[in-house]
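Coordinate inspection notes
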Amino acid sequence: MACELVAIGGRMDANRWVPASSGNLSARIDRSTIGITRSGVHKGRLEPADIIAVGLDGLAVDPTAKPSAETLLHCQLYRMDPAIGAVLHGHSVEATALSLVTDAEELVLRDYEILKAFPGIGTHEVVARVPIFDNDQDIARLSMRIAPSLTPLPIGYILRGHGVYAWGPDVERCFWRLEALEFLISCECERRRML
Ligand SMILES: CSCCC(=O)C(=O)COP(=O)(O)O
Ligand SMILES: [Zn+2]
């Protein structure tokens, strides 16, 4: 699991989704524990020792370890759905900028074939709503604001001026979903440029 997250960190970095020490990556270890990236390290240059075991209450198994500052947002998703096996968060230019040029509380996506990359979607003829939450340095408070929008689970969410959260049953498929979401966000940016 740790090696998988190290490799995915490299792929996120190759896509320029984790500049500086931004982003955080996690994967489920068992029903009540996840492995999550250490806070403040470059996610494109991870080592297995940078993956920290954390309970779903957000507390590190080793109390001296320093897991991601955004650990509670990951734990919230794992608690919501036992089928979630991985959560990835990145800071792409497009998600950051697009969410700052609109006051909207959601990104409405329709007519895109790639929406079929998400579970339960079998046609482009759907409307997928990606919530956009105002950013907050108080992660516990932010998670409480996010909670009502997670039932049913959206295809991902955006923190305004901050980045994207995506999840999936395992690390690889979580990466595919993040890739699909970033593709959709880039399309929306491009459409606005073309108007
Ligand atoms: C330098 S980016 C600011 C923090 C952040 O948004 C992030 O994703 C990384 O935080 P972490 O504690 O997981 O390193
Ligand atoms: Zn972040």
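Residues numbered from 1 in each chain as written. Chains lettered and ligands numbered in written order. Predicted model: local features only at pLDDT ≥ 70, side-chain atom pairs only at ≥ 80, totals over all residues. Heavy atoms only, no water.

**A word on the coordination of the zinc ion (ligand 2)**
Donor atoms from the polypeptide that bind the zinc ion (ligand 2) are Glu70 (OE), His89 (NE2), His91 (NE2) and His162 (NE2), placed at 2.1 to 2.5 Å. Each of the six donor atoms around the zinc ion (ligand 2) contributes to a set of angles spanning 70 to 175°, which defines the coordination as octahedral. For the zinc ion (ligand 2), the donor residues sit on a single chain with the sequence spacing E-x18-H-x1-H-x70-H. In this pair, glutamate 70 sits in the loop between strand E3 (51–55) and helix H2 (71–80) while histidine 162 sits in the loop between strand E7 (157–159) and strand E8 (163–168), placing the two residues 92 residues apart along the sequence. Since its relative accessible area comes to 11%, glutamate 70 is described here as buried. (Donors = N, O, S within 2.8 Å, 3.2 Å for Na, K, Ca; no water. Tetrahedral: all angles 85-135°; square planar, octahedral: opposite > 155°, others 65-115°. Helix = DSSP H or I, 4+ residues; strand = E, 2+ residues; numbered from the N terminus. Buried < 20%, exposed > 50% of the residue type's maximum accessible area, 1.4 Å probe, protein only.)

**Thoughts on the site of ligand 1**
Neighbouring residues of ligand 1: 13 residues in total, closest Ser39, Gly40, Ser68, Ala69 and Glu70. In this structure, lysine 43 approaches ligand 1 through a side-chain N or O atom, which is 3.0 Å from an oxygen atom. Between ligand 1 and serine 68, the relevant distance is 2.7 Å, taken from an oxygen atom to a side-chain nitrogen or oxygen of the residue. Protein burial of ligand 1: of its 400 Å² of free accessible surface, 75% is covered by the chains. Class assignment for the residues of the shell around ligand 1 results in one nonpolar, ten polar and two charged. (Near = heavy atom within 4 Å. Polar contact = N/O pair within 3.5 Å; in protein donor to acceptor, adjacent residues only side chain to side chain. Areas by Shrake-Rupley, 256 points an atom, 1.4 Å probe, with all protein chains shown as cover. Nonpolar A, V, L, I, M, F, W, Y, C, P; charged D, E, K, R; others polar.)

**Digging into the packing of aromatic side chains**
In the structure shown here, the tally under the stated rule is four aromatic pairs. When the centroid spacing of 5.4 Å and the interplanar angle of 80° are considered together, the rings of phenylalanine 133 and tyrosine 157 count as edge-to-face. With phenylalanine 133 in strand E6 (residues 127–133) and tyrosine 157 in strand E7, this residue pair connects regions lying 24 residues apart in the sequence. Taking the relative accessible area as the measure of exposure, tyrosine 157 reaches 0% and is therefore buried. Counting every residue linked through ring pairs, the aromatic cluster contains Phe133, Tyr157, Tyr165 and Trp167. (Phe/Tyr/Trp six-rings, centres within 6.5 Å; stacked < 30°, edge-to-face > 60°.)

**A look at the UniProt feature "binding site: Zn(2+)" (unreviewed entry) in the protein**
Using the residue numbers shown here, the UniProt feature "binding site: Zn(2+)" (unreviewed entry) corresponds to His89 and His91. Considering the arrangement of structural elements, one finds histidine 89 in strand E4 (residues 86–90). Look past the residues within four positions of histidine 89 in its chain and what remains in contact with it is Met12, Val18, Gly23, Asn24, Glu70, His74, His162, Gly163, Val164 and Tyr165. Position of histidine 91 among the secondary structure elements: in the loop between E4 and helix H3 (93–100). Sequence-distant contacts of histidine 91, defined by excluding residues within four places in its chain, comprise Arg16, Trp17, Pro19, Ser22, Gly23, Thr96, His162 and Gly163. (UniProt positions renumbered as here; feature names shortened; annotations may be inferred. Contact = heavy atoms within 4.5 Å.)

**A look at the environment of valine 126**
In this fold, valine 126 is placed in the loop between strand E5 (106–110) and E6. Apart from the residues within four sequence positions on either side, valine 126 is in contact with Leu109, Arg110, Asp111, Leu115 and Ile121.

**Some points on the sheet that holds E4**
If you trace the eight strands from one edge of the open sheet to the other, you get E3-E2-E1-E4-E8-E7-E6-E5, paired in mixed fashion. Edge positions in the sheet fall to E3 and E5, since each of these pairs with one other strand and no more. Looking at each pair of strands side by side, their axes are set apart by 20° on average, direction ignored. In the sheet, strand E1 (residues 24–30) pairs with E4 via four bridges, with the strands oriented antiparallel. Following the sheet pairing, alanine 27 is matched in E4 by alanine 86. Contacts from helix H1 (residues 2–14) reach E1, strand E2 (33–37), E3 and E4 within the one sheet, and its direction differs from that of E1 by about 160°. In the packing of H3 onto the sheet, the strands contacted are E5, E6, E7 and E8, and the crossing angle to E7 comes to about 75°. (Pairing = 2+ DSSP bridges. Axes fitted to C-alpha atoms, helices over the stretch in contact; angles between N-to-C directions.)

**Considerations on the environment of glutamate 70**
Here the alpha-carbon distance between glutamate 70 and glycine 58, two residues twelve residues apart in the chain, equals 9.3 Å. Setting aside its immediate chain neighbours within four residues, glutamate 70 contacts Asn24, His89, Ile139, His162 and Tyr165.

**With respect to unusual backbone geometry**
Backbone torsion omega between threonine 151 and proline 152 reads -5°, so that peptide bond is classified as cis. Considering the arrangement of structural elements, one finds proline 152 in the loop between helix H4 (139–146) and E7. Even without glycine at this site, alanine 20 takes up a positive phi of about 55°. Structurally, the position occupied by alanine 20 is in the loop between H1 and E1. Although it is not a glycine, aspartate 111 sits at a positive phi angle of roughly 75°. Structurally, the position occupied by aspartate 111 is in the loop between E5 and E6.

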